[in-house]
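Breakdown of the fold
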Amino acid sequence: KYKDGYGKFKDFTGHFDSNKVEGTKEAISSNDINVIFEGAFIYLDTLIRADVLIRRGNGWELLEAKSSTKLKSEYIEDIAIQSFIVKKCGVNLISIKLIHINKDFTYEGDGNYNELINDTNDITSEVILKEKEISNYINILIPLANKKESPNIPMGEHCEKPHKCDYQSRCEVLEPKTNITSYKILPWVSKKVKEYCLKNKIIDLQKVPTYLLDSNREGYAHDYHKIIQNVHKTNKPWFNPGLKSSLKEFNFPFYFMDFEYVNQGVPIIKG
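Below: a short report on this structure.

Calculation rules
Residues numbered from 1 in each chain as written. Predicted model: local features only at pLDDT ≥ 70, side-chain atom pairs only at ≥ 80, totals over all residues. Heavy atoms only, no water. Helix = DSSP H or I, 4+ residues; strand = E, 2+ residues; numbered from the N terminus. Buried < 20%, exposed > 50% of the residue type's maximum accessible area, 1.4 Å probe, protein only. Contact = heavy atoms within 4.5 Å. Areas by Shrake-Rupley, 256 points an atom, 1.4 Å probe, with all protein chains shown as cover. Polar contact = N/O pair within 3.5 Å; in protein donor to acceptor, adjacent residues only side chain to side chain. Pairing = 2+ DSSP bridges. Axes fitted to C-alpha atoms, helices over the stretch in contact; angles between N-to-C directions.

Here we come to the overall build of the chain. Of regular secondary structure, the chain possesses eight helices and seven strands. Counting only residues that meet the buried cut, the chain has 29% of its 271 residues in that class. In the chain, the share of contacts with a sequence separation of at least 24, taken over all contacts with a separation of at least 6, comes to 49%. Carbon and sulfur atoms make up 53% of the accessible area of the chain, which totals about 19900 Å².

Written out as structure tokens, the structure is:
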């Protein structure tokens, strides 16, 4: 989001977003509204959207929803930015909770979702401690947002932590062109391979010591990383020897579905 000369906020398509901020103010002031979803707040030129706010007596409870099944350290900073700005906008926050999906929940098809959400993670005290640093974060980040050139920092492990950067492809096009195949094409590269290659400045998949290449990934052959490396060394295709016999067990037509095809956060299918 960014702010124009009229004090209204736009998204990157150019649509004004100030109505959501004003609408949230009205909802906070209303005695008839006790739950607010995606409330919008602005302070220090920073716009946040709070997942859920629930009125609790004279104050409000902030709920942040995450798709993971447990608390992660980076969530505290994320939620602290929200709570800091919400409070600066005059809202009395009395508690802050992380909510996430209960991985042991099974939907019985009866419309009962009472056990789906776990909201037992009260992180109020941790967030309040982190709030003290938020204004400094904002003061550092706002000037960066106005810079027109990328920082002159080489790619590395920091591009993957705490999450994979969405803009790696933009940095990769600036890297020197090469004909070698990087070891990074290996799916689920192990930490020991990454550390070895970083320490020894190895990029070429063919130069990675074969003894390092194994996989404990569930559902995959133990040596499939070695198979991938060997294909690049020999420049010959590889087929699983059991593929033909496996395919003979099925009759046309074949249908293929990605597992995420029915991977709802809120299940709708019984079982």
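The topology assignment puts K66 in strand β5 (residues 59–66). Assessed through its relative accessible area of 19%, K66 is described here as buried. Among the polar contacts made by the side chain of K66, one reaches the side chain of E64 at a distance of 3.2 Å. Leave out the neighbours within four places in its chain, and K66 touches Y75, D78, L98, I99, H100 and I101.

Moving on to the pairing of strand β6 (residues 93–101). Summarising burial for β6: seven of the nine residues are buried, a large majority. Bridge count for β5 against β6 is seven bridges, and the pairing is parallel. In the sheet register, W60 faces β6, and the bridge partner there is L93. Bridging between β6 and strand β7 (residues 117–122) involves four bridges; their strand directions are antiparallel. Note on β7: the bridge partner recorded for L98 is N121.

As a further point, take the sheet that holds strand β3 (residues 35–43). Across a sheet, strands are paired by hydrogen bonds formed along the backbone, either parallel or antiparallel in direction. Ordered by their spatial adjacency, five strands build an open sheet running β3-β4-β5-β6-β7, and the pairing between neighbours is mixed. Unpaired on one side and paired on the other, β3 and β7 mark the two borders of the sheet. Recorded for the sheet is a direction-independent mean angle of 40° between the axes of neighbouring strands. Looking at chain direction, strand β4 (residues 46–56) and β5 are connected through five bridges and run antiparallel. Opposite L53, over in β5, you have L62 as the bridge partner. Docked against the sheet, helix α3 (residues 124–131) engages β6 and β7, running at close to 115° with respect to β6.

What is shown is where atoms sit, not what they do.
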